[in-house]
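Residue-level structural notes
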Amino acid sequence: MNNITAIIESPKGSGQKYDYDPEMKLFRLVKILPAGMVFPFDFGFIPQTLGEDGDPLDIIVISEFRSFPGCVMECRIIGAIKALQTERNGKKMRNDRFLGVPVVSELFRDITGVNQLPERVMEQLRSFFKNYNEQAGKEFDPFETIGSEESFRLITEQKG
């Protein structure tokens, strides 16, 4: 199986964005989302990885429950949304969103690939991250969805 460890920063349903501060070893409130906008699933990072933006790789954890900032979960990688992000200064970089399912999930225990998720879930995720980045004056262009094997390979290549 393509299992990784995920650390949750912002829980499902949260209207706040938290980031892990490695110097303080604590979670910092960095943003309040606009009224009505909440994270559709738990959002966090994959430790010991490094993305093009200088941060650990992002992960969306799809499950039937909501966790909490700092929760550590073993997840099965089911795919990723490859994306190009344009910063406010015009700089473009890759900022993919990896998709995982907790190995303890009962509802999603049979999901092993992104193609098994309802298309509506994928549409909501792409839309959320487009809107989320737009609020920050950035552009988020999800240009491809890839499966579990390719996603796991990308994670392995970006181990820090």
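Please refer to the structure placed before this passage.
Summary of the structure given here. Note that the coordinates shown come from a computational prediction; the quantities given were computed from them, not determined experimentally.

**Quick word on the pattern of salt bridges**
A full pass over the atoms with the stated rule returns 13 salt bridges. Between Lys 82 and Glu 150 there is a salt bridge whose closest N-O contact spans 3.2 Å. Of this pair, Lys 82 sits in strand β6 (residues 72-86) while Glu 150 is found in helix α2 (residues 148-157), placing the two residues 68 residues apart along the sequence. Owing to a relative accessible area of 11%, Lys 82 belongs among the buried residues under this scheme. Members of the salt-bridge network, linked through shared partners, are Lys 82, Glu 144, Glu 150, Arg 153 and Glu 157.

**Examining the nonpolar core**
One finds Ile 60, Ile 62, Leu 99, Leu 117 and Leu 125 to be the most contacted residues of the largest nonpolar core, which totals 23 residues. Within the residue set of this core, elements represented by two or more residues are β6, β8 (97-102) and α1 (119-135). The residues contacting Ile 62, other than those within four sequence positions of it, are Phe 41, Ile 78, Leu 99, Gly 100, Val 101, Pro 102, Phe 108, Leu 117 and Leu 125. Of all hydrophobic cores here, the second largest spans 16 residues; its members include Ala 6, Ile 59, Phe 98 and Ile 146.

**Digging into the packing of aromatic side chains**
Inspection of every chain in the model, using the stated rule, returns 9 aromatic pairs. Taken together, a centroid distance of 5.5 Å and an interplanar angle of 45 degrees make the contact between Phe 43 and Phe 129 tilted. Of this pair, Phe 43 sits in strand β4 (residues 42-46) while Phe 129 sits in helix α1, and the two are 86 residues apart along the sequence. As far as the burial class goes, Phe 43 and Phe 129 line up, both buried.

**Details of the pairing of strand β1 (residues 3-10)**
β1 sits mainly inside the fold: 6 of its 8 residues count as buried. In this structure, β1 lies alongside β6, joined through 5 bridges in antiparallel fashion. In the sheet register, Ile 4 faces β6, and the bridge partner there is Cys 75. Two strands pair when backbone bridges link them, and β1 and β4 are joined in this way by 3 bridges, in the antiparallel orientation. Residue pairing in the sheet places Ser 10 in a bridge with Phe 43 of β4.

Rules used in this analysis
- Residues numbered from 1 in each chain as written.
- Predicted model: local features only at pLDDT ≥ 70, side-chain atom pairs only at ≥ 80, totals over all residues.
- Heavy atoms only, no water.
- Salt bridge = Lys/Arg side-chain N within 4 Å of Asp/Glu carboxyl O.
- Helix = DSSP H or I, 4+ residues; strand = E, 2+ residues; numbered from the N terminus.
- Buried < 20%, exposed > 50% of the residue type's maximum accessible area, 1.4 Å probe, protein only.
- Core = buried A, V, L, I, M, F, W, Y, C linked by side-chain atoms within 4.5 Å.
- Contact = heavy atoms within 4.5 Å.
- Phe/Tyr/Trp six-rings, centres within 6.5 Å; stacked < 30°, edge-to-face > 60°.
- Pairing = 2+ DSSP bridges.

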